[in-house]
Amino acid sequence: MRLSWEPLTLELKTPFKIAHGTFSHRYNVLVRLDEGIGEAPAVVYYGETQEVILDYLARVPDLGDDPFDLDAVLARLPAGSKAARAAVDIALHDLWGKRLGQPLYRLFGLNPRALPLTSFTIAIDEPEVMARRAKESGYPIIKIKLGSGRDEEIVTAIRKATDATLRVDANAGWSREEAARLIPRLAEHGLELVEQPLAAEDVEGFRWLRQRLRQEGVKVPIVADESVRTSRDVARLAGSVDGVVVKLMKTEGIREALRAIHTARAHDMCVMLSCMVETSVAVTAAAHLAPLCDYVDLDGPLLIANDPYVGLRYEGSRMTLPEGPGLGVTPAP
Ligand code: MG
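1. Examining helix H8 (residues 203-215)
No. 1: Over its 13 residues, H8 extends 19 Å from the first C-alpha to the last, a length consistent with the 18 Å expected when each residue adds 1.5 Å.
No. 2: Directly after H8, the chain includes Gly217, whose backbone phi takes a positive value near 75°.

2. Considerations on the nonpolar core
No. 1: Ranked by internal contacts, the top residues of the largest apolar core, which has 114 residues, are Leu57, Ile144, Trp174, Ile183, Leu248, Leu273 and Leu298.
No. 2: The element best represented in this core is helix H3 (residues 82-100), accounting for 10 residues.
No. 3: Summarising the domain contributions, this core has at least three residues from each of domain 1 (3-103) and domain 2 (107-331).
No. 4: Apart from residues lying up to four places away in sequence, Ile183 is in contact with Trp174, Val194, Pro197, Leu209, Leu213, Val218, Val220 and Ile222.
No. 5: Leu193, Val223, Val245 and Cys270 belong to the second largest nonpolar core, which has 6 residues in total.

3. Some remarks on the pairing of strand S3 (residues 36-41)
Side-chain positions along a regular strand alternate between the two faces of the sheet.
No. 1: Among the 6 residues that make up S3, 6 are buried, leaving the element largely enclosed by the rest of the structure.
No. 2: Alternating positions in S3 separate into two faces, Gly36, Gly38 and Ala40 on one and Ile37, Glu39 and Pro41 on the other, with burial throughout.
No. 3: Here strand S2 (residues 21-33) runs beside S3; their pairing, made up of 6 bridges, is antiparallel. Residue Arg32 lies in a different strand from S3, and its bridge partner there is Ile37.
No. 4: Where S2 folds back on S3, the antiparallel hairpin that results is connected by 2 residues, among which Asp34 adopts a positive phi of roughly 45°.

4. Some thoughts on the side chain of Glu256
No. 1: In this fold, Glu256 is placed in helix H11 (residues 254-266).
No. 2: The class for Glu256 is buried, based on a relative accessible area of 13%.
No. 3: Only 2.6 Å separates the side chain of Glu256 from the side chain of Ser231, close enough to count as a polar contact.
No. 4: Setting aside chain neighbours within four positions, we find Glu256 in contact with Thr230, Ser231 and Thr251.

5. Points about the environment of Ala257
No. 1: Mapped onto the secondary structure, Ala257 falls in helix H11.
No. 2: Through-space distance from the C-alpha of Ala257 to that of Ser231 is 7.7 Å; in sequence the pair is 26 residues apart.
No. 3: Among residues more than four places away in sequence, those in contact with Ala257 are Val246, Leu248, Thr251 and Leu289.

6. Here we look at the sheet that holds strand S6 (residues 165-169)
No. 1: Reading across the sheet, the 8 strands line up as S4-S5-S6-S7-S8-S9-S10-S11 and stay open at both edges, with parallel pairing between neighbours. What marks the edges here is a single partner per strand, and that holds for strand S4 (120-122) and strand S11 (295-297). Between one strand axis and the next, the sheet turns by 25° as a mean value, whatever way the strands run.
No. 2: Inspection of the sheet shows strand S5 (residues 141-145) paired to S6 by 5 bridges, in the parallel sense.

7. As for the state of the cysteines
No. 1: Throughout the structure, instances matching the rule amount to 0 disulfides.
No. 2: The thiol of Cys270 is unpaired, and the distance to the nearest cysteine sulfur, on Cys293, comes to 10 Å.
No. 3: With a relative accessible area of 14%, Cys270 lands in the buried category.

8. Examining helix H5 (residues 127-137)
No. 1: Buried residues of H5: Pro127, Val129, Met130, Ala131 and Ala134, and no others.
No. 2: Residues of H5 that are buried sit in contact with S4, S5 and helix H6 (151-161).
No. 3: Gly138 sits one or two positions beyond H5 and adopts a positive phi of about 75°.

Rules used in this analysis
Starting from 1, residues in each chain are numbered consecutively following that chain's sequence as written. Only residues with pLDDT of 70 or above have their local features reported here, since the model is predicted, and side-chain atom pairs are shown and tallied only from 80 upward, although totals for entire chains, interfaces and linings are computed over all residues. Hydrogen atoms and water are omitted, and side-chain values are computed over all heavy atoms in the structure. In this description a helix means any DSSP run of H or I spanning at least four residues, a strand means any run of E spanning at least two, and both kinds are numbered starting from the N terminus. Working rule for helices: expected span equals 1.5 Å times residues minus one. Here, the term nonpolar core denotes a set of buried Ala, Val, Leu, Ile, Met, Phe, Trp, Tyr and Cys residues that are joined through side-chain atoms within 4.5 Å. We call a residue buried when its accessible area falls under 20% of the maximum for its residue type, exposed when it is over 50%, and partly exposed in between, using a 1.4 Å probe and counting protein chains only. Residue ranges labeled as domains rest on an automatic or database domain assignment. Contacts are assigned to residue pairs that have any heavy atoms within 4.5 Å of one another. We treat two strands as partners when DSSP finds at least two bridges between them. Each polar contact in these results corresponds to two N or O atoms within 3.5 Å; when the atoms are within protein, one needs to be able to donate a hydrogen and the other to accept it, and residues that are neighboring in sequence are counted only if both atoms are side-chain atoms. Throughout, an axis means a line fitted to C-alpha atoms (over the contacting stretch in the case of helices), and angles, computed between N-to-C directions, take values from 0 to 180 degrees. Only a pair of cysteine sulfur atoms within 2.5 Å counts as a disulfide in this structure description.

Here's what the structure looks like:
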């Protein structure tokens, strides 16, 4: 199987501000394995750059010629760039589906009509600006980025502007005490869930926070994102959080994402499926797993002005999977 790649400069529709910084462009890499396609986003927060990804791809040895022996092919990948490893995994799954002539959801035995609605993310800005964006977006589920120090003001302003279901993501931006003080107050505005209130490594803090919120009768689910990468992390967090956020770039592809989802289920945890700033290639790959998840946050392609592919289609928050074999993505017209 022949591996090739192509760097990609993505223009964002709106500069994107989160607790880690502000971005107007993103630098991803498209990966091809014969007729299969995958994508690696360069997420600086995870120490990935386009150069790191390209250097990694140049080091990948021959992957053999059997796309059906998924684990054996993936076992040949060297350690290194997680995004690049994910991209090869996605391209392999696409190739697998194409050679079998079936979309991935069908190979996984999933119902393509059972997709949860996706949220739309509002990046950190002035509270009035965030409220206006939330209202004008028209989306029934809004994910609010917090951690700027004006979190109460922001949630109050957005709640005043819209009846949408609200999720908040602190991106590890709060201390234990801040989280314990803020979450009950924010929850009064009716939150569906709170994502990553505490630092990634503070598993003990999550346990403490969850207990404390339960004692106060605050029932909003706490889900871990930055704290979780693989199925092992999911198992480690059981009892400390209500759910986990699964992303192909953390699990290094579809194969381990499936394991992480099933591990969460085995521990009675809920699952949110999410993405980085990725085109229709990687986001459609993730969406094939959406029927297994409770919550979906797959708005990556909606943030990009120059998506080179079409795949997953959106009607507001409703997503429709393409029916072609593999991922089912095709070059944009
Ligand atoms: Mg998050």
